[in-house]
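Examining the three-dimensional arrangement
Spelled out from the first residue to the last, the chains are:
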Amino acid sequence: FRDLLGYRDEKEFRLAYDDAAALHPEDRDRVIEAQKAHLDDHRPFDEEFRLRCANGEFRWFRGRAQAAWDAAGRPRRYAGSITDIHDSRVTEQALRESEQRFQHVVRGSTDGIWDWDLKHERYHISARMKALLGYADDELADDRASFFVVMHPDDRARVKSEIARHFTERIPFDTELRLRHKDGSLIWFHIRGQAVWGEKGDVVRFSGACTDIMAHKQSEERIRQLLTEKQVLIDSVMVGIAY
């Protein structure tokens, strides 16, 4: 216990350490109440909290304890342990903050976002992605099959092949495809994705974004039509033309 808190001298530790004083102010009332509930009502005591260490910094610990009661129901002994969980707790907090930032980006983005967690077999399609296709958030299921159902049949085999190459050869996944809107029309999207590989080289996550490029595609088609019409006119006139 002393070593976990960074004290090297037993006498110094016994003089300096006090449970209530060592507890982080934000955890103190909760932990003391949990201890009281255990001693008075026999509720299990298993809590996570921060304790001030010898250097003045707080570290996360998991505390578990068990009392022994006499025939009258009074606690006569109380013993327990603490486990240092600081690194895992800090990592969890960093992940939560990262997830919160990701959600802010997703909500603020004009692009549709998709995320495939292969390790846990979870698939997520952002509400914005569904809205681009004319669906409410609860109208299109969050699964990989939904994405390929709305994809144009002529694009499916190619896109699956490009995803497989990205997974195995790690070449960038950057392509264009057509997705069917709820009203039946087809919309062109520019799609970019990035896989995450595990220690064994297997893909554990695959995420990306879809940008609506229908207006761009329509402009390209109009330009092609104009060029074709221009060429027809040039080829049809009865005079020679020099540039």
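These notes cover the structure that comes with them. (Residues numbered from 1 in each chain as written. Predicted model: local features only at pLDDT ≥ 70, side-chain atom pairs only at ≥ 80, totals over all residues. Heavy atoms only, no water.)

Inspection of the secondary structure assignment puts threonine 175 in strand E6 (residues 173–180). Owing to a relative accessible area of 7%, threonine 175 belongs among the buried residues under this scheme. At 2.7 Å, the side chain of threonine 175 forms a polar contact with the side chain of arginine 158. Not counting chain neighbours up to four residues away, the residues in contact with threonine 175 comprise Arg158, Glu162, Phe189, His190 and Ile191. (Helix = DSSP H or I, 4+ residues; strand = E, 2+ residues; numbered from the N terminus. Buried < 20%, exposed > 50% of the residue type's maximum accessible area, 1.4 Å probe, protein only. Polar contact = N/O pair within 3.5 Å; in protein donor to acceptor, adjacent residues only side chain to side chain. Contact = heavy atoms within 4.5 Å.)

On to the pattern of salt bridges. Scanning all chains against the criterion turns up 27 salt bridges. The residue arginine 2 makes a salt bridge to glutamate 10 at a minimum N-O spacing of 2.9 Å. Between lysine 217 and glutamate 220 there is a salt bridge, with the nearest N and O atoms lying 4.0 Å from each other. Here lysine 217 pairs with glutamate 220, and both are found in helix H8 (residues 214–236), just three residues apart, close to one helical turn. (Salt bridge = Lys/Arg side-chain N within 4 Å of Asp/Glu carboxyl O.)

A few words now on the sheet that holds strand E5 (residues 122–125). Across the sheet, which stays open at both edges, the five strands sit in the order E5-E4-E8-E7-E6 with antiparallel pairing between neighbours. Each edge of the open sheet is held by one strand with a lone partner, namely E5 and E6. The sheet shows a mean angle of 20° between the axes of neighbouring strands, taken without regard to direction. Bridge count between strand E7 (residues 186–197) and strand E8 (residues 203–212): nine bridges; the pairing is antiparallel. Each bridged residue has a counterpart across the sheet, and for isoleucine 191 the counterpart in E8 is cysteine 210. The sheet strands contacting helix H7 (residues 153–169) are strand E4 (112–117), E6, E7 and E8, and the helix crosses E6 at an angle near 155°. With respect to the sheet, H8 is in contact with E6, E7 and E8, its orientation differing from that of E7 by roughly 125°. (Pairing = 2+ DSSP bridges. Axes fitted to C-alpha atoms, helices over the stretch in contact; angles between N-to-C directions.)

Next up on the list: the pairing of E8. Strand residues, when the strand is regular, have side chains that alternate between the two faces of the sheet. Here six bridges tie E4 to E8, and the two strands are oriented antiparallel to one another. Looking at the pairing, isoleucine 113 lines up with alanine 209 of E8. The antiparallel pairing of E7 with E8 creates a hairpin that spans five residues between the two strands, and glycine 201 there sits at a positive phi of about 85°.

For the rest of this paragraph, the subject is the sheet that holds strand E3 (residues 75–84). With antiparallel pairing, three strands are arranged side by side in an open sheet as E1-E2-E3. Both edges of this open sheet fall to strand E1 (45–52) and E3, since each of them pairs with a single strand only. Each strand of the sheet is rotated relative to its neighbour by a mean of 35°, with strand direction disregarded. In this sheet, E3 lies alongside strand E2 (residues 58–69) in antiparallel orientation, the contact comprising nine bridges. Counted as the bridge partner of alanine 67 is tyrosine 78 from E3.

Counted according to the given criterion, the structure contains eleven aromatic pairs. Taking the centre distance of 5.5 Å and the plane angle of 70° together, the rings of phenylalanine 1 and tyrosine 17 count as edge-to-face. Pair noted here: phenylalanine 1 is in the segment before helix H1 (10–16) and tyrosine 17 is in the loop between H1 and helix H2 (19–22), with a separation of 16 residues, a long-range link. Using a relative accessible area of 17% as the deciding quantity, one classes tyrosine 17 as buried. The interplanar angle of 45° and the centroid separation of 6.5 Å between the aromatic rings of tryptophan 114 and phenylalanine 147 together place this pair among those described as tilted. Remark: phenylalanine 147 occurs in helix H6 (residues 144–149) and tryptophan 114 occurs in strand E4; sequence separation between them is 33 residues. Ring-pair connections join several aromatic residues into one group, and the members of that group are Trp114, Trp116, Tyr123, Phe147, Phe148, Phe167, Phe173 and Phe206. Sitting over the ring of phenylalanine 148, lysine 160 keeps its end group 5.0 Å from the ring centre. Lying across the ring of tryptophan 197, arginine 170 places its NZ or CZ 4.2 Å from the centre. (Phe/Tyr/Trp six-rings, centres within 6.5 Å; stacked < 30°, edge-to-face > 60°. Lys NZ or Arg CZ within 6 Å of the ring centre and 35° of its normal.)

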